[in-house]
Amino acid sequence: QVQLVESGGGLVQPGGSLRLSCAASGSIFSINSMGWYRQAPGQQRELVATIASGGNLNYADSTKGRFTISRDNAKNTVYLQMNSLKPEDTAVYYCNAQILAKNPWRSFGVWGQGTQVTVSS
């Protein structure tokens, strides 16, 4: 069983910063891609940023230049540094990881429980 635990959400004023963390634990052999997605009320879940095990990065156009994704492979943890936050960044942010486990060998995706980010004055 694999679990993702997120932290770091909260309330911040426009222009402010937040840092999200997501730690994976459980029966993990390796983690391929890790990423962040978000879902605002009444909206579909959308990509924020992803980072592959080799370090390849992918950002949504709306977050390029403001958000930075990084990971610590030794800790099975992914981070999202969010700067210059805007009210339209308000959403529940979800962590995702593509897991490779053994005994038996299998590959699957896991989601975190979500953390609320609210940008408001």
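Residues numbered from 1 in each chain as written. Predicted model: local features only at pLDDT ≥ 70, side-chain atom pairs only at ≥ 80, totals over all residues. Heavy atoms only, no water.

*Asks:* Sorry, what's going on with the sheet that holds strand S8 (residues 77–82) here?
*Replies:* Each strand in a sheet pairs with another by means of backbone hydrogen bonds, the pair being arranged parallel or else antiparallel. Reading across the sheet, the four strands line up as S1-S3-S8-S7 and stay open at both edges, with antiparallel pairing between neighbours. Across the chains shown, the open sheet's two edge strands, defined by having one partner strand only, are strand S1 (2–7) and strand S7 (67–72). Looking at each pair of strands side by side, their axes are set apart by 15 degrees on average, direction ignored. As defined by bridge partners, S1 adjoins strand S3 (residues 18–26) across six bridges and the pair is classed as antiparallel. (Pairing = 2+ DSSP bridges. Helix = DSSP H or I, 4+ residues; strand = E, 2+ residues; numbered from the N terminus. Axes fitted to C-alpha atoms, helices over the stretch in contact; angles between N-to-C directions.)

*Asks:* Could you clarify how one ought to interpret the pairing of S3 in this entry?
*Replies:* Each regular strand carries side chains that alternate between the two faces of the sheet. Across six bridges, S3 lies against S8 in antiparallel orientation. Across the sheet, Cys-22 pairs through a bridge with Val-78, a residue of S8.

*Asks:* What exactly am I supposed to notice about the pairing of strand S5 (residues 46–51) here?
*Replies:* Pairing geometry for strand S4 (residues 30–39) and S5, over five bridges, is antiparallel. Note that in S5 the partner of Tyr-37 across the bridge is Leu-47. Counting the residues between successive antiparallel strands, the hairpin from S4 to S5 contains six residues, one of them, Gly-42, with a positive phi of roughly 75 degrees. By the bridge criterion, three bridges tie S5 to strand S6 (residues 57–59) in an arrangement that is antiparallel. Along S6, the bridge assignment pairs Ile-51 with Leu-57. Adjacent in sequence and paired antiparallel, S5 and S6 are bridged by five residues, among which Gly-55 carries a positive phi angle near 105 degrees.

*Asks:* Would you mind showing me how to read the nonpolar core here?
*Replies:* Nonpolar side chains tend to gather and get buried jointly when the protein is soluble and globular. Ranked by size, the top nonpolar core spans 29 residues in total, and within it Trp-36, Ile-69, Val-78, Leu-80, Met-82 and Tyr-93 carry the most contacts. Looking at this core, the elements with two or more residues in it are S1, S3, S4, S5, S7, S8, strand S9 (91–101) and strand S11 (115–119). Counting residues per element, this core draws most heavily on S9, at five residues. Those residues in contact with Met-82 that lie beyond four places of it in its chain are Gly-16, Ser-17, Leu-18, Leu-20, Arg-66, Phe-67, Tyr-93 and Val-117. (Core = buried A, V, L, I, M, F, W, Y, C linked by side-chain atoms within 4.5 Å. Buried < 20%, exposed > 50% of the residue type's maximum accessible area, 1.4 Å probe, protein only. Contact = heavy atoms within 4.5 Å.)

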